[in-house]
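Coordinate analysis (summary)
The primary structure of each chain is shown beneath.
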Amino acid sequence: MPSKADSGEATGTWTLGGREWTSRLIVGTGGFRSLEQMERSLEATGAEIVTVALRRVDPAAQGSVTDVIDRLGLFTLPNTAGCYTARDAVRTAKLAREAFSTDWVKLEVIGDDRTLLPDAAELLTAAETLVADGFTVLPYTNDDPILARRLEEAGCAAVMPLGSPIGSGAGIRNPYNVRIIVEQASVPVILDAGIGTASDAALAMELGCDGVMIASAISRAADPVLMASAMRSAVAAGHAARYAGRIPRRLHAQASTSDEGLPELS
Amino acid sequence: MKVVLNGKEAEVPERASVADAVALSGAAETERGVAVAVEGEVVPRARWRDRVLAEGESVEVVHAVQGG
């Protein structure tokens, strides 16, 4: 069942953060082997929104991710990757606002470096602080319907539940929770993290998500440009399938061919 | 005098500004997507030339990198 935030149409635009978008695929820029490969892959995804991280200026670094994003005319969504506390995440978001003249932030507050799972308490605190400061907050969250509701009540512009841990490629481990999150949300739901291959992205859309965020599954694929194109198709296919009205699952077969007029040949 | 620039001790002239620290960090002053925090507080680009650093202050100069 589509979320209430969706227009209910299989095609056309959707609204996130008060703006209209065509692509439902948001792409992370991390993990590509080169900027050149990143550029060709981003083009192949058809994405309009891409995430970047903020790190110390490195005088030895070659090329600029910002130049690539500008050249492709994409919308920069800064994240707070690597932040473990609400305080650090809020400071990083403020730096990002200054760096990119945007009040949008993909809020990540993680609990440890083994699971990279969100720290729910710190995440909610950071979200409340940033919303109060005028940010458009897109929080990376656990697949927890109650936390998702709390983040929406805090004023977040979307909720971004994980399918499975970041970079794990383990797909959507709890599709039931994702369905509950979708069912109750009145802001867009964007499946974030854990996508491994095209069928995972299609499933996210079939479950009713409004969009999918993918990084590693594209950037670390053997052929990132080809996978980028596969993900683009998967998101479109899953979105269309959800509105097409799938047949119910049955235990037994149901013939699609009628027995009427079957010749007697024995 | 000494300041801490991106985690490393750096020697800067007395009354050096944030703009001086940005130049020392390797970022171009006009580069899009650069931001600065001094002692954890963001210094807007418009104030980089006016904000004078004090001995021992910590300056972080950041920019966009590839990230999920």
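Everything below is about the structure printed above this text.
An account of the accompanying structure is given in this report.

Scoring rules and cut-offs
Residues numbered from 1 in each chain as written. Chains lettered and ligands numbered in written order. Predicted model: local features only at pLDDT ≥ 70, side-chain atom pairs only at ≥ 80, totals over all residues. Heavy atoms only, no water. Buried < 20%, exposed > 50% of the residue type's maximum accessible area, 1.4 Å probe, protein only. Helix = DSSP H or I, 4+ residues; strand = E, 2+ residues; numbered from the N terminus. Arc of directions from axis to C-beta. Contact = heavy atoms within 4.5 Å. Buried area = accessible area lost by both parts, 1.4 Å probe. Salt bridge = Lys/Arg side-chain N within 4 Å of Asp/Glu carboxyl O. Polar contact = N/O pair within 3.5 Å; in protein donor to acceptor, adjacent residues only side chain to side chain. Pairing = 2+ DSSP bridges. Core = buried A, V, L, I, M, F, W, Y, C linked by side-chain atoms within 4.5 Å. Axes fitted to C-alpha atoms, helices over the stretch in contact; angles between N-to-C directions. Parallel < 35°, antiparallel > 145°, perpendicular 65-115°, else oblique. Left-handed = near helix turned anticlockwise from the far one by under 90°. Nonpolar A, V, L, I, M, F, W, Y, C, P; charged D, E, K, R; others polar. Phe/Tyr/Trp six-rings, centres within 6.5 Å; stacked < 30°, edge-to-face > 60°.

Moving on to helix H2 (residues 65-72) of chain A. Residues that lie three or four places apart on an α-helix share one face, since the helix turns once every 3.6 residues. Within H2 of chain A, burial applies to Val65, Thr66, Val68 and Ile69 of chain A. The buried residues of H2 of chain A all sit within an arc of 160° when viewed along its axis, so they share a single face. On the buried face of H2 of chain A, the contacting elements are helix H1 (35-45), strand S4 (49-56) and strand S5 (75-78) of chain A together with strand S5 (58-66) of chain B. With its phi angle positive at about 70°, glycine 73 of chain A sits one or two positions after the end of H2 of chain A.

Below, the discussion takes up the side chain of threonine 76 of chain A. With respect to the helices, strands and loops of the structure, threonine 76 of chain A is situated in strand S5. With sequence-adjacent residues up to four places away left out, threonine 76 of chain A is seen in contact with Val50, Val52, Ile69, Phe100 and Thr102 of chain A together with Arg32 of chain B.

Chain A puts 31 residues into the contact, and the matching count from chain B is 27 residues. Carbon and sulfur atoms supply 55% of the area buried between chain A and chain B, which totals about 2200 Å² over both sides. For the chain A face of the interface with chain B, the top three residues by lost area are Arg56, Val57 and Glu98 of chain A, together amounting to 30%. A salt bridge links glutamate 60 of chain B to arginine 56 of chain A, with the nearest nitrogen and oxygen atoms 2.8 Å apart. Along the contact surface separating chain A from chain B lie 12 residue pairs in polar contact (both at pLDDT 80 or more). Pairing geometry for S4 of chain A and S5 of chain B, over five bridges, is antiparallel. Its bridge partner lying in S5 of chain B, arginine 56 of chain A is registered against valine 62 of chain B.

All names here are of chain A. All of the buried residues in helix H5 (residues 145-153) are Pro145, Leu147, Ala148 and Leu151. Along the long axis of H5, the arc covered by the buried residues comes to 160°, so they all point the same way. The elements touched by buried residues of H5 are helix H4 (120-132), strand S7 (136-141) and helix H6 (175-184). In this structure aspartate 144 caps H5, since a side-chain oxygen of it lies 2.9 Å from the backbone nitrogen of isoleucine 146. Of the residues flanking the end of H5, it is glycine 155, one or two places downstream, whose phi is positive at about 105°.

The strand order across the open sheet formed by three strands is S6-S7-S8 (chain A), and the pairing between neighbours is parallel. In the strand order of this sheet, the two ends are held by strand S6 (104-107) and strand S8 (160-161) of chain A, each with one partner.

Among the nonpolar cores identified, the biggest contains 67 residues, and Leu107, Ile214 and Met231 of chain A are the most heavily contacted of them. For this core, the element with the highest residue contribution is helix H3 (residues 86-100) of chain A, accounting for eight residues. Once residues within four sequence positions are removed from consideration, isoleucine 214 of chain A is found in contact with Leu25, Ile26, Val27, Gly28, Ile195, Ala201 and Met231 of chain A. Within the second largest apolar cluster, 20 residues are counted, among which are Met1, Ala27, Val34 and Val43 of chain B.

Residue and element names in this part refer to chain A. Of the two faces of S5, both are covered, the one formed by Phe75 and Leu77 as well as the one formed by Thr76 and Pro78. Pairing of S4 with S5, which is carried by four bridges, proceeds in the parallel orientation. Bridge pairing in S5 links threonine 51 to leucine 77.

A separate point is the packing of H4 of chain A against H5 of chain A. Helix-helix packing is characterised by the crossing angle of the two axes and by the distance between the axes. Residue and element names in this part refer to chain A. Two elements in contact, H4 and H5, have axes whose closest approach is 9 Å; the angle formed by their N-to-C orientations is 15°. The orientation of H4 relative to H5 falls into the category roughly parallel. H5 is crossed by H4, and the crossing has right-handed handedness. The residues of H5 that touch H4, namely those facing Ala120, Leu123, Leu124 and Ala127, are Leu147, Arg150 and Leu151. Of the residues belonging to the contact of H4 with H5, the class tally is six nonpolar, no polar and one charged.

Residues and elements named next belong to chain A. Taken as a whole, this structure holds three aromatic pairs over all chains when the rule is applied. Arranged with centres 5.9 Å apart and planes meeting at 75°, the rings of tryptophan 21 and tryptophan 104 form a pair that is edge-to-face. Here tryptophan 21, found in strand S2 (residues 19-21), pairs with tryptophan 104, found in strand S6; they are 83 residues apart in sequence, far enough to count as distant. One exposure class covers both tryptophan 21 and tryptophan 104, and it is buried.

Keep in mind these values describe shape, not function.
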